[in-house]
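In case you want the letters, here they are:
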Amino acid sequence: MRLISLREHQTYECETPTAAVARAMKATKLVNTSLTLDGRLLLRSGSMVGAARIVAGDEHVELHVRPKIGIARLLWLLGYARDPRGWRTEPVGLTPDQDLVPAMAVAFATATSQALAPGVLQGYRTVEEALPLVRGRLREADQLRARPGLALPVEVRYDDYNPDVPENQILLSAVRRLRRLPGVPPATRNSLHRIAAALADVTPLTAGAPLPKTAPTRFNNRYQPALRLARLILAGESIEHVHGSTLAAGFVFDLNTVFEDWLTTALRQAIETRYGETITGQHQMRLDHDRLLPLVRPDITWWNGQRCLAVVDAKYKTPGSTPPRDDIYQMLAYCTTLKLTRGHLVYASAGAEPVSYRLKGSGVRIVVHRLDLSTPFTELNEQINQIANVIASVEVGSGVSAHTAGPDAAAKEGGYAS
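Everything numeric in this text was worked out from a predicted model, so none of it was measured.

### Re the overall build of the protein
Logical step 1: Regarding its fold elements, the protein presents eleven helices and 18 strands.
Logical step 2: Here the protein holds 418 residues, and the buried ones make up 47% of them.
Logical step 3: For the protein, the exposed surface amounts to about 20900 Å²; the carbon and sulfur share of it is 51%.

As structure tokens, this is what we get:
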């Protein structure tokens, strides 16, 4: 087996595999492929991270792409977007240079083994079935419809105390998914087999179905760390590519989506708590009156009833000294449609203070913010609060409780005004 491991946005040159393997690599979305002048294969990773196993005849390749921010920070971003109260710190014991699948598998197996150590959680589950005797309550309508005139079997409904509860179903489904993924260490794979054996009486969830909610209680508190990791494992996008005798399987996360989801949750926490109103993600709208153009969806919008107060777009990329023109045009279209004089672009990159660009002929300012995702939690929280203050300051004097400093005091002028 051949292992290829890259970081996001990295170029890697290797010996050329068969054409089938090269096509399968590209189909995973983890890398783009091309040939060098001397015929070697050039791989370029992007913002998709994860792992895939490619099998073509006798050739076996494992392809891994790691995030620059490290596995622990990635898992925290993913988890915080889903439950900001449950993810206050990063998972421990993970190193930045670990590949995604092994790191997630080790963390999950450890947390789940600890959760199951006192015993498998059990609970009451409502069961409806036909039995040769009466148990619980008789379902008369079902009995008459299914077996008119027959005494047995009897359609009944009863509560059964067993381990087939949502918490265990989520854990078992995560185990089953991890066991199909490449890169799980042998010792961890053995732990997953033991966990599956302990949950042998549990029904796995149907693939693609929404995950059941499991509100924390005094009974399932010990399960919460494992459940949070299980939900992340089940949230990853599956890779299933079959072409002739070539198979590619694995899973990936799109860092553009990860950053957008996390930023939406972080700004919701910062803005709604201080300034009120409602933060919405992926608001659908039209740019034209005749409804001929396709729908657009700004990443983040802030609303006071039917009135939009602010629009924010999350960009998981480094903009350079000035933001790309396409990003400026996109935000200008949002501001024009939403009748806003300011829009906000937030880039996942290290940088200084926000910069404001005053656009000619439109009366619109575009404020560009930079967020360094690798900073400690306290600094990252401060950056989010600063962005929230600048966003809220736009509405001074409009009846919305907002930061007292105007946007021009928080964001210096940039170069698009000339």
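### Notes on the pattern of salt bridges
Close approach of charged atoms allows side chains of opposite charge to pair.
Logical step 1: Taken as a whole, this structure holds six salt bridges when the rule is applied.
Logical step 2: Among the ionic pairs, E13 bridges to R40, the shortest N-O distance being 2.9 Å. Remark: R40 occurs in the loop between β3 (31-35) and β4 (41-45) and E13 occurs in strand β2 (residues 11-14); sequence separation between them is 27 residues.
Logical step 3: Measuring nitrogen to oxygen at the nearest pair gives 3.6 Å for the salt bridge that ties R53 to E62.
Logical step 4: One salt-bridge network, in which partners are shared between bridges, spans D313, K315, K317 and D327.

### Let's talk about helix α7 (residues 224-235)
Logical step 1: The first and last C-alpha atoms of α7 sit 16 Å apart over twelve residues, in line with the 16 Å expected at 1.5 Å per residue.
Logical step 2: All of the buried residues in α7 are Q224, A226, L227, L229, A230, L232 and I233.

### Points about helix α2 (residues 71-82)
Two residues of an α-helix separated by three or four positions point the same way, owing to the 3.6 residues in each turn.
Logical step 1: Between its first and last C-alpha atoms α2 spans 17 Å; for twelve residues at 1.5 Å apiece the expected length is 16 Å, and the two agree.
Logical step 2: Within α2, eleven of the twelve residues are buried, which leaves it mostly tucked inside the rest of the structure.
Logical step 3: Every buried residue of α2 is listed here: I71, A72, R73, L74, L75, W76, L77, L78, G79, Y80 and A81.
Logical step 4: Where α2 is buried, its residues meet β5 (48-56), α3 (100-116), α7, β11 (246-254), α8 (255-275) and α10 (377-393).

### Considerations on the pairing of strand β15 (residues 342-347)
Every regular strand shows the same layout, with side chains that alternate between the two sheet faces.
Logical step 1: The element β15 is largely enclosed, with a buried count of six among its six residues.
Logical step 2: Side chains of β15 alternate between two faces, with R342, H344 and V346 and G343, L345 and Y347 buried alike.
Logical step 3: Where strand β14 (residues 307-315) and β15 come together, four bridges link them in parallel fashion. Bridging from a neighbouring strand, A314 pairs with V346 of β15.
Logical step 4: A crossover links β14 with its parallel partner β15, the connecting element being helix α9 (residues 325-338), and its sense is right-handed.

The rules we used
Residues numbered from 1 in each chain as written. Predicted model: local features only at pLDDT ≥ 70, side-chain atom pairs only at ≥ 80, totals over all residues. Heavy atoms only, no water. Helix = DSSP H or I, 4+ residues; strand = E, 2+ residues; numbered from the N terminus. Buried < 20%, exposed > 50% of the residue type's maximum accessible area, 1.4 Å probe, protein only. Areas by Shrake-Rupley, 256 points an atom, 1.4 Å probe, with all protein chains shown as cover. Salt bridge = Lys/Arg side-chain N within 4 Å of Asp/Glu carboxyl O. Expected span 1.5 Å × (residues − 1). Contact = heavy atoms within 4.5 Å. Pairing = 2+ DSSP bridges. Right-handed = clockwise from strand over helix to strand, strands pointing away.

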